[in-house]
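Structural description and commentary
As a plain string of letters, each chain reads:
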Amino acid sequence: MSGTLRISTQCSSLYLVEDRWGQAKKVLIYNSEPLSDIPNKQVCSSYSLCYEQKIKSLMTSNKMKAIIATGYGSPDVLKFTETSKPTPKENEVLVKIVTSAATTADTMMRTGKPYFARLILGIKKPKHGIPGTGFSGVVEGVGKQVTNFKPGDRVFGETTLGFSANAEYLTISEKGVILHMPDNMDFSEAASFCDGHLTSFNFLREIGKVKAGDKVLINGASGALGTSAVQIAKHLGAKVTAVCSGKNIGLIMSLGADEVLNYQRVDFTQSDEKYDCIYDTVGKSSFGQCKKILSRDGVYLSPVLSFPLLINMLFSAFTNKKAKFQATGMYADDILRTMLDEVVEIYKSGKLKTIIDRQFPLEKLAEAHRYIDSGHKKGNVIIVNA
Ligand SMILES: NC(=O)c1ccc[n+]([C@@H]2O[C@H](COP(=O)([O-])OP(=O)(O)OC[C@H]3O[C@@H](n4cnc5c(N)ncnc54)[C@H](OP(=O)(O)O)[C@@H]3O)[C@@H](O)[C@H]2O)c1
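Presented here is an overview of the structure given in this document. These figures come from a predicted structure and were not determined experimentally. (Residues numbered from 1 in each chain as written. Predicted model: local features only at pLDDT ≥ 70, side-chain atom pairs only at ≥ 80, totals over all residues.)

1. Regarding the overall build of the protein chain
The following threshold applies: By the criteria applied, helices consist of DSSP H or I runs no shorter than four residues and strands consist of E runs no shorter than two, each listed in order from the N terminus. Residues with at least 20 neighbouring C-beta atoms inside 10 Å of their own are called buried, those with 12 or fewer are called exposed, and the rest are partly exposed, where every C-beta is derived from the backbone. Here, residues touch in the contact sense if the C-beta positions derived from the backbone fall within 7 Å of one another.
Each helix and strand in the protein chain was counted, giving 11 helices and 20 strands. Scored against the burial criterion, the 386 residues of the protein chain give a buried share of 45%. Long-range pairs, those at least 24 residues apart, make up 64% of the contacts in the protein chain with a sequence separation of at least 6.

2. Description of the environment of Val 177
Topologically, Val 177 is positioned in strand β12 (residues 177-180). Separated by 19 residues in the primary sequence, Val 177 and Glu 158 place their C-alpha atoms 5.4 Å from one another. If we ignore the near neighbours within four places in the chain, the residues touching Val 177 are Gly 157, Glu 158, Thr 160, Cys 194, Asp 333, Leu 336, Arg 337 and Leu 340.

3. Examining helix α3 (residues 104-111)
With respect to burial, α3 is a largely interior element, 6 of its 8 residues being buried. Among all positions in α3, only Thr 104, Ala 105, Asp 106, Thr 107, Met 109 and Arg 110 are buried. Phi for Gly 112, located one or two positions after α3, is positive at around 70 degrees.

4. Things to note about unusual backbone geometry
Cis geometry marks the peptide bond from Lys 113 to Pro 114, where omega comes out at 0 degrees. Its location among the elements puts Pro 114 in the loop between α3 and α4 (118-121). Phi is positive for Thr 160, close to 45 degrees, though the residue is something other than glycine.

5. Describing the site of the ligand
The condition that has to hold: For each residue, a C-beta atom is placed from the backbone, and the residue counts as near a molecule or strand when that atom lies within 6 Å of it. These domain limits were set by an automatic method or by a database of domain assignments.
In the neighbourhood of the ligand, 34 residues make up the surrounding shell, with Gly 223, Ser 245, Pro 303, Thr 328 and His 376 lying closest. Mapped by element, the contributors of at least two residues to the shell around the ligand are α3, α5 (187-207), α6 (224-235) and β14 (239-244). Split by domain, the residues of the shell around the ligand number at least three in each of domain 2 (63-185 + 355-384) and domain 3 (194-329).

6. Structural notes on the nonpolar core
This is how it is decided: Joined through C-beta atoms within 7 Å, a set of buried Ala, Val, Leu, Ile, Met, Phe, Trp, Tyr and Cys residues constitutes a nonpolar core.
Of all hydrophobic cores here, the largest spans 89 residues; its most connected members are Val 95, Val 216, Ile 218, Val 230, Ala 233 and Ala 242. Ranked by residues supplied to this core, first place goes to α5 with 9 residues. No fewer than three residues from each of domain 2 (63-185 + 355-384) and domain 3 (194-329) sit in this core. Setting aside chain neighbours within four positions, we find Val 230 in contact with Ile 218, Ala 221, Val 240, Ala 242, Ile 252, Leu 255, Gly 256 and Ala 257.

7. Some thoughts on the pairing of strand β15 (residues 259-262)
The condition that has to hold: Strands are labelled as partners when DSSP assigns at least two bridges between them. If the strands point away from the viewer and the path from the first strand over the helix to the second runs clockwise, then the crossover is right-handed.
Pairing of β14 with β15, which is carried by 4 bridges, proceeds in the parallel orientation. Residue pairing in the sheet places Val 243 in a bridge with Leu 261 of β15. Following the backbone out of β14, through helix α7 (residues 249-254) and into the adjacent parallel β15, one traces a crossover that is right-handed.

8. Here's the deal with the packing of α5 against helix α10 (residues 333-348)
Operational definition: All axes are obtained by fitting lines to C-alpha atoms, using only the stretch in contact for helices, and the reported angles, taken between N-to-C directions, cover 0 to 180 degrees. For classification, angles of less than 35 degrees are called roughly parallel, those exceeding 145 degrees roughly antiparallel, those between 65 and 115 degrees roughly perpendicular, and all remaining angles oblique. The nonpolar class holds Ala, Val, Leu, Ile, Met, Phe, Trp, Tyr, Cys and Pro. Asp, Glu, Lys and Arg form the charged class, and all remaining residues, Gly among them, are polar.
Running from N to C, α5 and α10 point in directions that differ by 100 degrees, and their axes come no closer than 10 Å. With respect to each other, α5 and α10 are oriented roughly perpendicular. Across from Cys 194, His 197, Leu 198, Phe 201 and Asn 202 in α5, the residues of α10 making contact are Leu 336, Met 339, Leu 340 and Val 343. Each residue belonging to the contact of α5 with α10 can be placed in one class, and the counts come to 7 nonpolar, 2 polar and no charged.

9. Overview of α10
This is how it is decided: Each helix should span, by expectation, one fewer than its residue count multiplied by 1.5 Å. Starting at the helix axis, one direction is taken to each C-beta atom, and the arc is that of these directions.
For α10, which comprises 16 residues, the first-to-last C-alpha distance of 22 Å matches the rise-based estimate of 22 Å (1.5 Å per residue) to within 8%. Restricting attention to buried positions, one finds in α10 the residues Leu 336, Met 339, Leu 340, Val 343, Val 344 and Tyr 347. Take α10 and look down its axis: the buried residues cluster within an arc of 150 degrees, on one side only. With respect to the buried face of α10, the exposed residues turned more than 90 degrees away are Asp 334, Thr 338, Asp 341 and Glu 345. Contact partners of the buried residues in α10: β10 (154-158), β12 and α5. One or two residues past the end of α10 sits Gly 350, with phi positive at roughly 85 degrees.

Written out as structure tokens, the structure is:
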């Protein structure tokens, strides 16, 4: 493979080159100094010279595999296809994705419901064709202004309104929600970390202000948010009552719940107990039903957006007992990143397990969504790239 390789664009480790037939190729140079060694920075006289400069990988295509959402609707709108591989801007990191998350929030965005969410997502079809927000992978290239990441780094994070995670590659600003993966974290845990752990940390610690000694009830304890919430509430020093079905009681006890109620047998809203915080992760109850089992200044939290909940939020602003909702992904990136840093510290201390349910290959994302739509997943669903 000989021929002149002309360097046409550059970031610190990824070069777009043309061979002597004018065909574009991407070349990865892991060491950033070689270019300064090349006599003429624009022209690399032969492929072998580039090779000497520690080129580790030659990619012959700038295409990647990805899922595209062709519209709003059933999982059938999710098509496996080939599309252009993104190129990092000067402040961006190019990540080769190892695993991405498929979440209940993703399935809601796929349907475009509630309809008012389309004001943000896109009126007729998703503005961002590639779905998915949670990712983990390996940095493949960085823009020249990037200082925190380098090729080969194991990273994970959340693209929030940038989506694009259910693909082979994504680009993300180094100031986005992206962190280095702790050594003891695997790619599957990392891809789903933000959906469950970051969201539940935000709800319990930031919004619910849960503190040591509080009595907290978590409904939907076996979901992605619920399995995290049980552990985070315990970490915050709360006494935790978790609500799930009979088949999941063992799992939820193993996560540290003090008491578990089987929703198939008891209606927790009829309890004689009073709770300082009720976190209904699956939105199956209402503030009205829960008010009587909230303590005097108790708070009702739900991550599931509904019109009645918004009304409850408005009116409860003037009463002791409050109803609260927050779209965690709408926070500014630096706020999310700082919060994520804190949650990673809990993880590192060994107090946060990530429950992984089924794993699907990228091309089967529609099947993963069908499974999530059943409403009975346990923890997190992961999409694995080949
Ligand atoms: N606002 C935000 O920032 C934010 C962020 C992320 C996600 N979300 C939203 O949060 C919600 C929860 O997501 P998730 O992924 O944690 O949920 P999920 O995993 O899809 O929830 C499924 C779990 O809910 C349990 N469940 C079903 N019916 C139940 C009932 N009547 N009572 C108690 N548990 C029941 C199921 O257990 P069984 O199989 O035993 O029935 C299953 O384990 C979604 O609506 C998502 O869109 C919001």
